[in-house]
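Summary of structural features
Chain by chain, the residues:
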Amino acid sequence: MSTSTSGPDGGGSPAVVRTRALTKRFRTQTAVDGIDLEVPTGAVYGFLGPNGSGKTTTIRMLLGLVAPSSGEIDLLGEPMPGGASRTLRRVGALVEGPAFHPYLSGRANLSRLDAADPHSDARTAPARIDAALDRVGLMPAATKRFRAYSLGMRQRLAIANALLVPRDLLVLDEPTNGLDPQGTREVRNLVGELAAEGTTVLVSSHLLSEVDQMCSHVGVMFEGRLLRQGRLDELHASTVQTVRVDTDRVEDAASVLRTLGLTDVRPGAGHVTALLGEVAVEKIVPELVDAYVPVLGFSVLRPSLEDVFVSLTGEGFDVSG
Amino acid sequence: MSAAEADVVVAGRQQRPEQAHRTRTALPGRFLRSELTIVFGRRRNLVLLGVLAAIPVLLAIALKVSSGPDDGRGGGPGFFEAITSNGLFVAFAALAAELPLFLPLAVAAASGDAIAGEANLGTLRYLLTIPAGRTRLLLTKYVAVVVFGLVATALVALAGVVAGLALFGGGDVILLSGTTTSLVDGVGRLALSVLYLSACFAALAAIGMFVSTLTEQPIAAIVATIGVNVLMFILDAIPQIAWLHPWLLVDWWSAFGDLLRDPIGTDAIGRGLLTALAYAVVFLTLAWARFSNKDITS
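Worth saying up front: this structure is predicted, and the values here are computed from it rather than measured. (Residues numbered from 1 in each chain as written. Chains lettered and ligands numbered in written order. Predicted model: local features only at pLDDT ≥ 70, side-chain atom pairs only at ≥ 80, totals over all residues.)

What about the overall build of chain B?
Check the secondary structure of chain B and you find 12 helices and 2 strands. The order of α-helices and β-strands along chain B, N terminus first, is α-α-α-α-α-α-α-α-α-β-β-α-α-α. Counted over contacts in chain B with a minimum sequence separation of 6, partners at least 24 positions apart contribute 76%. (Helix = DSSP H or I, 4+ residues; strand = E, 2+ residues; numbered from the N terminus. Contact = placed C-beta atoms within 7 Å.)

Structural notes on the interface of chain A and chain B
Listed per partner, the contact involves 21 residues of chain A and 23 residues of chain B. Going through the elements one at a time, helix H2 (84–87) and helix H3 (106–115) of chain A are the ones with two or more residues in the side of chain A that touches chain B. In terms of residue count, the dominant contributor to the side of chain A that touches chain B is H3(A) (3 residues).

Here we look at the packing of helix H7 (residues 102–121) of chain B against helix H11 (residues 218–236) of chain B
Residue and element names in this part refer to chain B. With their axes 7 Å apart at the nearest point, H7 and H11 run at an angle of 145° to one another. Here the hand of the crossing between H7 and H11 comes out right-handed. Packed against H7, whose contacting residues are Pro104, Leu105, Ala108, Ala109, Ser111, Gly112, Asp113, Ala116, Gly117 and Asn120, the element H11 presents Pro218, Ala221, Ile222, Thr225, Ile226 and Asn229 at the interface. Taken together, the residues that form the contact of H7 with H11 break down as 9 nonpolar, 6 polar and 1 charged. (Axes fitted to C-alpha atoms, helices over the stretch in contact; angles between N-to-C directions. Left-handed = near helix turned anticlockwise from the far one by under 90°. Nonpolar A, V, L, I, M, F, W, Y, C, P; charged D, E, K, R; others polar.)

Describing the domain arrangement of chain A
When the domains of chain A are assigned, the result is domain 1 (15–231) and domain 2 (242–302). A separation of 45 Å is found between the C-alpha centroids of domain 1 of chain A and domain 2 of chain A. (Domains from an automatic or database assignment.)

Things to note about the sheet that holds strand E14 (residues 271–275) of chain A
Residues and elements named next belong to chain A. Taken together, 4 strands build an open sheet; the order of strands is E13-E14-E12-E15 and the sheet is antiparallel. Of all strands in the sheet, those bounded by a partner on one side alone are strand E13 (263–267) and strand E15 (297–301). Neighbour to neighbour, the strand axes of the sheet diverge by 15° on average, direction disregarded. Relative to E14, strand E12 (residues 242–246) runs antiparallel, the two being bridged by 5 bridges. Within E14, the position partnered with Val245 by the bridge is Val272. Running at roughly 175° to E13, helix H9 (residues 250–260) makes contact with E12, E13 and E14 of the sheet. (Pairing = 2+ DSSP bridges.)

A closer look at H9(A)
All names here are of chain A. The complete set of buried residues in H9 reads Ala253, Ala254, Val256 and Leu257. Along H9, the residues classed as buried sweep out an arc of 160° about the axis, all on the same side. Residues of H9 that are exposed and angled more than 90 degrees away from the buried face: Glu251 and Thr259. In this structure, the buried side of H9 is in contact with E12, E13, E14 and helix H10 (284–290). Just downstream of H9, Gly261 is the residue with a positive phi angle, here 105°. (Buried ≥ 20, exposed ≤ 12 C-beta atoms within 10 Å, placed from the backbone. Arc of directions from axis to C-beta.)

Structural notes on the sheet that holds strand E9 (residues 200–205) of chain A
Residues and elements named next belong to chain A. Pairing in this open sheet of 6 strands is mixed, and the strands run E7-E8-E9-E4-E10-E11 from one edge to the other. On the outer flanks of this sheet lie strand E7 (91–94) and strand E11 (225–231), each paired with one strand and no other. Adjacent strand axes in the sheet meet at a mean angle of 10° when their direction is disregarded. Packed on one face of the sheet, helix H1 (residues 55–62) meets strand E4 (44–48), strand E8 (169–173), E9 and strand E10 (217–222) and runs near 150° to E8.

As for the nonpolar core
By size, the foremost hydrophobic cluster in this structure holds 166 residues, and its most contacted members are Val171(A), Ala93(B), Cys200(B), Ala205(B), Ala206(B) and Met209(B). Once you skip the residues sitting within four places of it in the chain, Cys200(B) turns out to touch Leu249(B), Trp252(B), Trp253(B), Gly272(B) and Ala276(B). Core analysis: the next-biggest nonpolar cluster, separate from the first, contains 12 residues, Ala253(A), Val256(A), Ala274(A) and Ile284(A) among them. (Core = buried A, V, L, I, M, F, W, Y, C linked by C-beta atoms within 7 Å.)

Some points on unusual backbone geometry
For the bond from Met80(A) to Pro81(A), the omega torsion is 0°, close enough to zero to count as cis. By the secondary structure assignment, Pro81(A) is in the loop between strand E6 (78–80) and H2. Pro131(B) follows Ile130(B) through a cis peptide bond whose omega is 0°. Topologically, Pro131(B) is positioned in the loop between helix H8 (123–129) and helix H9 (134–168). With phi around 50°, Ala21(A) is a residue other than glycine that occupies positive phi space. With respect to the helices, strands and loops of the structure, Ala21(A) is situated in strand E1 (residues 15–26). C-beta crowding within 10 Å serves as the criterion here: with 12 such atoms nearby, Ala21(A) is assigned to the exposed category. With a phi close to 30°, Arg27(A) is a non-glycine residue in the positive phi region. Topologically, Arg27(A) is positioned in the loop between E1 and strand E2 (29–35). Accessibility expressed as a C-beta count within 10 Å gives 4 for Arg27(A), which makes it exposed.

Structure representation (structure tokens):
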């Protein structure tokens, strides 16, 4: 099945998350405005949008923390929030930053959350807690009080909580917030490993490059609306590509590109860029050579996710209030 | 407790599987233990317990130092006169002295913090996505707070007994009705007083739980709960509105003095327990209605 504008590839596999016209109004403001989210099984779904675009409210509705004003939610085949007691145990969540008891150690905090789970097995708890701490690299700090943790360690503890029992879906809201580049890379690797084990991951972020690097699917939120969702590669492909020619005869190169039908031709110092449009890439270099333009370098630039975002919203990324 | 729990679960299983599941959800042993660890591990609560236990000791010392028969002042159903004759009465006098403020303060501190404290830390959203279940969370926290109130009251009584017997000695107890009974019987009546007052405080805890579901600021919830308690005491002291008094929770608290009569006066105690039950049911229902539909945005 090929993508339509509204849905990612179904491929026959049922979606882990599916919402219909999901809406949340707070007093005067519409935080989430009729979105049809669809997270396919096995996907790493990047939920993108500037701060304040409705990502967290959507995630809170998916997890049954906030009741929708209207619309429907299917989570792992059960309606939410009605099915919360059955489905949420299969969902590991990190919601809007880590939050734990400051005077308890990391291990004691996890032990407490595990005790709150009516179906968890007390006998296996110590082993499961240690495994989760180990997985996020927190074992050396397991007995330290939470208040002594750095922001990065807190973030890891919240991820460890999401890994206490095997999950079918992980919902990670801004998981790399406050992490250094090393920590960010580790989270990315962890998400990759979990996805490889078959866990579906819904990861929200306002960092476009991060989503670009770890996601298979992406949904773009802006001012409460889901502007676009689909496979990441298809989203990239749908955006017009840019070519760049390095040459010392900039003006001649530019006129050749214009003749070929490329648009937005921009001569620069020692290079020309232009939007490829419908022109076949392989025709460009021979034309340049025929026109005796020395080609010192030629590249087709993959549009960044930011370019995609700007093309969708007509605005930069960090403007939504 | 755990044996009874096991019995209920077994009985439930014999009936129907989903019955057993529901029973287990209603009796969350491990979760409750974990909650009790949190409540009794909190420094604020430990300090409060320390203060509660120190008051009977101070009371006993003050009476011992001033010695001589006292002048008949002091709150409660007249325990202070009896103290010098039997140390056991230090416990009753301490309960009476801590009844208007200190014991309610401890109950308010634990109950007001119950939901609002977790909301304030942000841990509420993690508990609910576990999912701990909203009703289950509310009831578990309520039981933990009631246990805290029971422990606080028992601690006051215990500290009173230890300090009183050490400074004034024990022996037979002369009850308020004039009859004499054994020390063991007196201790038994003290235990009944602790249970009765704990039941009264369980009703106050229900008010605290309800207030706690209204805010994300635990201190605000604690202050409001104490405010309600003080307001009831003030209303109870205004004779012009005597018609209102029987409906006030606190009006029945000092009835525990009836446990020191022979035979035990059960009228006021019974009304007190009924009033406490009514308050507990009403405010727990309100708390549940509020909490089960609340948007958790903290």
